[in-house]
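# Close look at the chain arrangement
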Amino acid sequence: MKTSLRTHTCGELNMQHLNEKVTLCGWIQKIRKLGGMTFIDLRDRYGITQLAFDAATQPELCQQIDSFGREWVIQVKGTVKERYSKNKNIPTGDIEIMADEITVLNESLTPPFTIEDESDGGDELRMRYRYLDLRRNPVKNNLLFRHKLSITIRNYMNHIGFVEIETPFLVGSTPEGARDFVVPSRLSHGEFFALPQSPQTFKQLLMVAGFDRYFQIVKCFRDEDLRADRQPEFTQVDCEMSFVTQEDVIQIFEGLLKHIFKEIKGIEVGDIERITWADAMKYYGSDKPDARFGMRFVELNDVLQHKEFKVFNQAELVVGIVAKGCASYTRKQLDGLTEFVKRPQVGASGLVYVQCHEDGTFKSSVDKFYDQADLQAVAKKANAEPGDLILIMAGPRVKTQVQMGALRLEMGDRLGLRKKGEYKLLWVVDFPLLEWDEETQRYYAMHHPFTAPKPEHEAILETKPGEVNANAYDIVINGTEVGGGSIRIHDKNLQKRMFKALGFTEEEAQKQFGFLMNAFQYGAPPHGGLALGFDRLCAILSDADSIRDFIAFPKNNAARDVMLNAPSTISDAQLKELGIKVSEWE
RNA sequence: GGUCCGGUAGUUCAGUUUGGUUAGAAUACAUGCCUGUCACGCAUGGGGUCGCGAGUUCGAGCCUCGUCCGGACCGCCA
């Protein structure tokens, strides 16, 4: 790292460099004045090196550094010396620099928060001064980790013949899917570009072009509300292959994931389990199950719908989970669980429990309707043992499954079953092709409109669209959807039928996706692919909940950049040039 | 669009339950002392429109309403 201004970094000097003349540059992490001695911790990207000053022998230097403050940038020339008292906690802890000469390269204001691993700064403040936050080890290391992961992926993909090709960011807007970020056109007044939600159609066109194996680590943009794991601009590892079946794609990316886990985490991931979408919903109430723990759903309709309890009798689904060893839950804890499922976010109307006591008796919240023999039958069906707690919900099938899914994750958290450092990968396959939307009274593509139906279901696309399964697959790690993909439609006529099923007129389909269907007339190969959420992958491999600390300059909860204070208004001159007038609707 | 939590010193928070004299702590900052620290130590000091607005009250950091800001979640995210 030698440059004109420094000979070494602050992280590399040790006993082997004793008595060498060195020049270091860096930021002042800390000044410790002990009267006759003064120590400065000098920090750069690579570490910390201690500078030592002796008032008796270096009075001028000591006077000079007296005015220095935190985060000043200095250059120091001096000699590497062995310390009297060593610091075993840092790599450079055996040595220190006896300085001969110091140059202030830049002064610094006192930062609004401490630049330490455990900073005193809150989230918003750290975002506003992100360039200071990035000096801290935890955040800096996240970005270094991100770099390492991207290099690992690029090398692997290159090694197996994938070509990285860039696709445009200024594309056309489509009404399907997420909201688009929109960019006004100066040269075509009244017309707008959109930023891509993904390079989906471009990668399909690259297949038509014969590129065979394409990938790209690429920014994608979606104008939707944020979450801890959702940013309006995020990065995908976008891939597409030709002449493949679903099995080929799964094999290729299973290979990539195994490689990543081995290289980055030193973990051998075995063959990745697969579950159908239908089973995922049935047993976990989620299309992205956290499979680190069991607690699978048990349908209890047959053992609970023969008594006078209307709530159960009228329900389409009565479903339970078994919480191991929780029979001793107090009234307060049980009420807490009921409150949890009744929160608007979950939206259940209630929760029934059955405590399976050690002495073989049962206590439930519905004892009025069910006797011990009934509860015994429930316990048997649910495979519950003495000491366990059975939690039961009832209602419309899918809704109840989703609610129970939320409770299952909550119980997993409470029982410490969602362990950090443990990784459970899962392919979710056989997604439905279409999803009925009550509000707009039409079908929507569950994945996207280019997803191919299972060949054996093609015939019923018009007659029973809701029953058509897709050649689509998601990769789920610890309950997070890390990626997804599908085999695409490569036949122009099938694509037309698909658009029709989605309620497009021929003209609409032609206007929006004509370029793709036209391309399909010129020898489109069978193709399919997958995209991995790169930010999420970084976070999961680091056992972090939020992707924000793996993005150098992220947006806040309201999709704002608090450092730039963007978005912001633009000048009238700019608006005029773009042919835009801003007015309030309604 | 909705639910919940929060907003008090540069910063992180306590104080709000039960309204009552001069609003505290830690840390950061400044000054002084200290020759082996490395979370240095000790002493002293400065630092507050209690997010903003309205209301209730003799009196509001504390209660009520509104509003703005931040965070988590639901909807949304093909």
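For the structure itself, look to the data block above.
Moving on: the protein's contact with RNA strand B. Around RNA strand B there are 45 residues in total, and Lys30, Asp120, Ala445, His447 and Asn557 lie nearest to it. Counting only the atoms of RNA strand B within 4 Å of the protein, the fraction contributed by sugar and phosphate is 51%. Going through the elements one at a time, strand S1 (21–33), strand S2 (37–44), strand S3 (47–54) and helix H2 (123–128) are the ones with two or more residues in the surface near RNA strand B. Ranked by residue count, the leading element in the surface near RNA strand B is S1, at 3 residues. Split into classes, the residues belonging to the surface near RNA strand B amount to 13 nonpolar, 15 polar and 17 charged.

Within this structure, the stated rule accounts for 44 salt bridges. A salt bridge links Arg126 to Asp123; the nearest nitrogen and oxygen atoms lie 3.0 Å apart. Here Asp123 and Arg126 lie together in helix H2, a separation of 3 residues that amounts to about one turn. Under the relative-accessibility criterion, Arg126 is labelled buried at 10%. A salt bridge links Glu224 to Arg179; its shortest N-O distance comes to 2.6 Å. In this pair, Glu224 is assigned in the loop between strand S9 (213–221) and strand S10 (233–242) and Arg179 in the loop between strand S6 (163–164) and strand S7 (182–184), connecting sequence segments 45 residues apart.

The next point concerns the nonpolar core. Counting residues in hydrophobic clusters, the biggest one holds 74 residues, and the most contacted among them are Leu149, Ile153, Met157, Phe253, Leu425, Trp427 and Leu537. Here this core gets 9 residues from one element, more than from any other, and that element is helix H6 (residues 246–265). What Met157 contacts, discounting residues up to four positions off in sequence, is Phe162, Phe215, Cys239, Phe253 and Leu256. In terms of nonpolar packing, the next biggest core, distinct from the first, is built from 23 residues, Ala323, Tyr353, Leu389 and Leu391 among them.

Turning our attention to the packing of aromatic side chains. A complete count under the given rule lists 16 aromatic pairs for this structure. Ring geometry for Phe261 against Tyr423: centres 5.4 Å apart, planes inclined by 65 degrees, an arrangement best described as edge-to-face. With a gap of 162 residues between them, Phe261 in helix H6 and Tyr423 in the loop between helix H12 (397–414) and strand S17 (425–429) connect regions that are remote in the sequence. The same class applies to Phe261 as to Tyr423, namely buried.

Bringing the sheet that holds strand S16 (residues 389–395) into the picture now. Here 5 strands make up an open sheet; going across it, the order is S12-S13-S16-S14-S15 and the pairing antiparallel. Each having just a single partner strand, strand S12 (298–299) and strand S15 (362–364) make up the two edges of the open sheet. Of the strand pairs in this sheet, strand S14 (residues 352–356) and S16 are connected by 4 bridges, and their pairing is antiparallel. Bridging from a neighbouring strand, Gln355 pairs with Leu389 of S16. Sheet contacts for helix H11 (residues 372–382): S12, strand S13 (317–323), S14, S15 and S16; angle to S15, the most-contacted strand, approximately 95 degrees.

The subject of this paragraph is the sheet that holds strand S5 (residues 95–106). Taken in spatial order, the 5 strands of this closed barrel run S1-S2-S3-S5-S4, and their pairing is mixed. Ignoring strand direction, the axes of neighbouring strands in this sheet form an average angle of 55 degrees.

This part is about the environment of Asn142. With respect to the secondary-structure elements, Asn142 resides in helix H4 (residues 137–159). Taking relative accessible area as the criterion, Asn142 reaches 16% and is therefore assigned buried. Residues Asn142 and Ile250, 108 residues apart in the sequence, show an inter-C-alpha distance of 28 Å. Residues within four places of Asn142 in sequence aside, it is in contact with Asp549 and Phe550.

This brings us to the pairing of strand S20 (residues 472–477). With respect to burial, S20 is a largely interior element, 6 of its 6 residues being buried. Here S20 shows a buried face lined by Ala472, Asp474 and Val476 and a second buried face lined by Tyr473, Ile475 and Ile477. Taken together, the 5 bridges between S17 and S20 define a ladder with antiparallel strand orientation. Paired with Leu426 across the two strands is Val476, which belongs to S20. Of the pairings in the sheet, the one linking S20 to strand S21 (residues 480–487) comprises 6 bridges and is antiparallel in character. The partner of Asp474 across the bridge, within S21, is Gly484. In this antiparallel pair of consecutive strands, S20 and S21, the connection spans 2 residues, and Asn478 shows a positive phi of 50 degrees.

Counting buried positions along strand S4 (residues 73–82) gives 7 out of 10 residues, so the element sits mostly inside the fold. Relative to S4, S1 is paired through 7 bridges, and the arrangement is antiparallel. Along S4, the bridge assignment pairs Trp27 with Val73. When S4 meets S5, the two strands line up antiparallel, connected through 10 bridges. In the strand pairing of S5, Val73 is matched with Asn106.

Definitions and cut-offs
Residues numbered from 1 in each chain as written. Chains lettered and ligands numbered in written order. Predicted model: local features only at pLDDT ≥ 70, side-chain atom pairs only at ≥ 80, totals over all residues. Heavy atoms only, no water. Near = heavy atom within 4 Å. Helix = DSSP H or I, 4+ residues; strand = E, 2+ residues; numbered from the N terminus. Nonpolar A, V, L, I, M, F, W, Y, C, P; charged D, E, K, R; others polar. Salt bridge = Lys/Arg side-chain N within 4 Å of Asp/Glu carboxyl O. Buried < 20%, exposed > 50% of the residue type's maximum accessible area, 1.4 Å probe, protein only. Core = buried A, V, L, I, M, F, W, Y, C linked by side-chain atoms within 4.5 Å. Contact = heavy atoms within 4.5 Å. Phe/Tyr/Trp six-rings, centres within 6.5 Å; stacked < 30°, edge-to-face > 60°. Pairing = 2+ DSSP bridges. Axes fitted to C-alpha atoms, helices over the stretch in contact; angles between N-to-C directions.

Take it as geometry only, folks, not as evidence of what the structure does.
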